[in-house]
Protein chains: 2
Amino acid sequence: MFSVSAKTQYAIRAMSFLARNTERVVSSAEIAAAEQIPAKYLEGIMTSLKNGGLVSGERGKNGGYRLLKAASDIPMLQIVEALDGSVMPVNCVETPDTCSLGCSCMPRQFWIGLKSTIDDYLRDCSLQDLVEGATHAK
Amino acid sequence: MFSVSAKTQYAIRAMSFLARNTERVVSSAEIAAAEQIPAKYLEGIMTSLKNGGLVSGERGKNGGYRLLKAASDIPMLQIVEALDGSVMPVNCVETPDTCSLGCSCMPRQFWIGLKSTIDDYLRDCSLQDLVEGATHAK
DNA sequence: CTCAATTCCTATCGGTTTAGTTGGAATATA
DNA sequence: TATATTCCAACTAAACCGATAGGAATTGAG
Ligand code: FES
Ligand code: FES
């Protein structure tokens, strides 16, 4: 339960690779090779990261990607949301009318609390923290 | 992302119904009607809850289910795990050799931290808390 | 200008999971 | 015996996921 998609895991590895190579532009193919990610699959992931405002994509020969911000300014939450959308235990957290038992039923607060707990954890950890291995030392 | 299955949501509603009717034995059909859950589907869910040691199932006419413990002694985590298995962001949290980049790579600690954050939240909230609506007031 | 390297877009595919149904066996009560 | 119930197993339709395929658009190098 609550499993993280392969896509998101790939994205994190790719981002961490970029964080370790900030001085240059890195091609999707190079990342794929280094991090053992299916090359064609990674292309789509990189586009999502770009659309999420996390990396810049430079097309054409010698093109590639680079981080748009310092790794310490990139909360893990942002990476996760760029790929899988926002953390959302149940639909009715955002749209209460989705619940078949009517708006704001009992469990709703419980899910809202869970969402904010997860969000907080993911927000408090930056890409830099992850790269340094200090992921849980807040 | 991190969405909760319909099965688990149904299970929680069913459990909360039982928590509000502790004095008697309640049939699966009655729960289904009250909580608007597909009756036949709920049967399977109730069996899982029974196998998880949360409810007792009494067969035959006038049979049904009841909570095996006081609602205040049932952490939400236990309900969730009875249905969807344990909270597990990525495989390698349990089995490190699953990681294609070798054991205990960088992101691993990050996922372990996330898992324990989620587990803690789900453990600290009891079925009783949920029924009372005091889900996040720890 | 041409070629190669690259991002970017769209479609498709096989596999797995999920939500739900069907049908019925076992069990208990009256 | 009839009925209400849990319990068990197979099945289905739809959605989702990881991955692949093919190619258009863009850019730099020669
Ligand atoms: S408002 Fe979400 S379960 Fe009712
Ligand atoms: S040990 Fe899990 S991603 Fe490497």
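Data block above holds the structure.
Rules used throughout
- Residues numbered from 1 in each chain as written.
- Chains lettered and ligands numbered in written order.
- Predicted model: local features only at pLDDT ≥ 70, side-chain atom pairs only at ≥ 80, totals over all residues.
- Heavy atoms only, no water.
- Least-squares fit on C-alpha atoms with pLDDT ≥ 70 in both.
- Contact = heavy atoms within 4.5 Å.
- Phe/Tyr/Trp six-rings, centres within 6.5 Å; stacked < 30°, edge-to-face > 60°.
- Helix = DSSP H or I, 4+ residues; strand = E, 2+ residues; numbered from the N terminus.
- Core = buried A, V, L, I, M, F, W, Y, C linked by side-chain atoms within 4.5 Å.
- Buried < 20%, exposed > 50% of the residue type's maximum accessible area, 1.4 Å probe, protein only.
- Near = heavy atom within 4 Å.
- Polar contact = N/O pair within 3.5 Å; in protein donor to acceptor, adjacent residues only side chain to side chain.
- Nonpolar A, V, L, I, M, F, W, Y, C, P; charged D, E, K, R; others polar.

J.: Help me out: how do you make sense of the relation of the copies chain B and chain A in this one?
T.: Overlaying chain B on chain A yields an RMSD of 0.1 Å, the required transformation being a rotation through 179 degrees with an accompanying axial translation of 0.1 Å. Given the turn and translation reported, the copies of this chain are related as if by a two-fold rotation axis. Every residue of chain B has its C-alpha some distance from the rotation axis, and the shortest such distance is that of Phe2(B), at 2.3 Å. In this assembly, 98% of the residues forming the interface of chain B have copies in chain A that are likewise at the interface, indicating an isologous arrangement.

J.: Where do I start with the packing of aromatic side chains in this structure?
T.: Given two aromatic rings, their pairing is described by the distance between the two centres and the angle made by the two planes. Residues and elements named next belong to chain A. On inspection of all chains with the given rule, the structure shows seven aromatic pairs over all chains. Taking the centre distance of 6.0 Å and the plane angle of 85 degrees together, the rings of tyrosine 10 and tyrosine 41 count as edge-to-face. Separated by 31 residues along the polypeptide, tyrosine 10 in helix 1 (residues 6-19) and tyrosine 41 in helix 3 (residues 39-51) bring together distant segments of the chain.

J.: Is there a simple way to explain the nonpolar core in this structure?
T.: Generally speaking, a soluble globular protein has its nonpolar side chains buried in company with each other. With 84 residues, the main nonpolar core has Leu49(A), Ile79(A), Leu122(A), Leu49(B), Ile79(B) and Leu122(B) as its most contacted residues. Filtering out sequence-adjacent residues up to four positions away, Ile79(A) remains in contact with Ala11(A), Ile12(A), Met15(A), Leu49(A), Leu54(A), Ile74(A) and Leu127(A).

J.: Whenever I open this one, the protein's contact with DNA strand C confuses me. Can you help?
T.: Near DNA strand C you find 23 residues, and of these Ser28(A), Glu43(A), Tyr65(A), Ala6(B) and Lys40(B) are the closest. In the environment of DNA strand C, a base oxygen lies 3.2 Å from a nitrogen or oxygen atom belonging to the side chain of Arg59(A). At 2.7 Å, a side-chain N or O of Lys40(B) approaches a base oxygen of DNA strand C. Secondary-structure elements contributing two or more residues to the surface near DNA strand C are helix 3 and strand 2 (64-67) of chain A together with helix 1 (6-19) and helix 3 (39-51) of chain B. With four residues, helix 3 of chain A is the largest single contributor of residues to the surface near DNA strand C. Of the residues assigned to the surface near DNA strand C, the class counts are five nonpolar, nine polar and nine charged.

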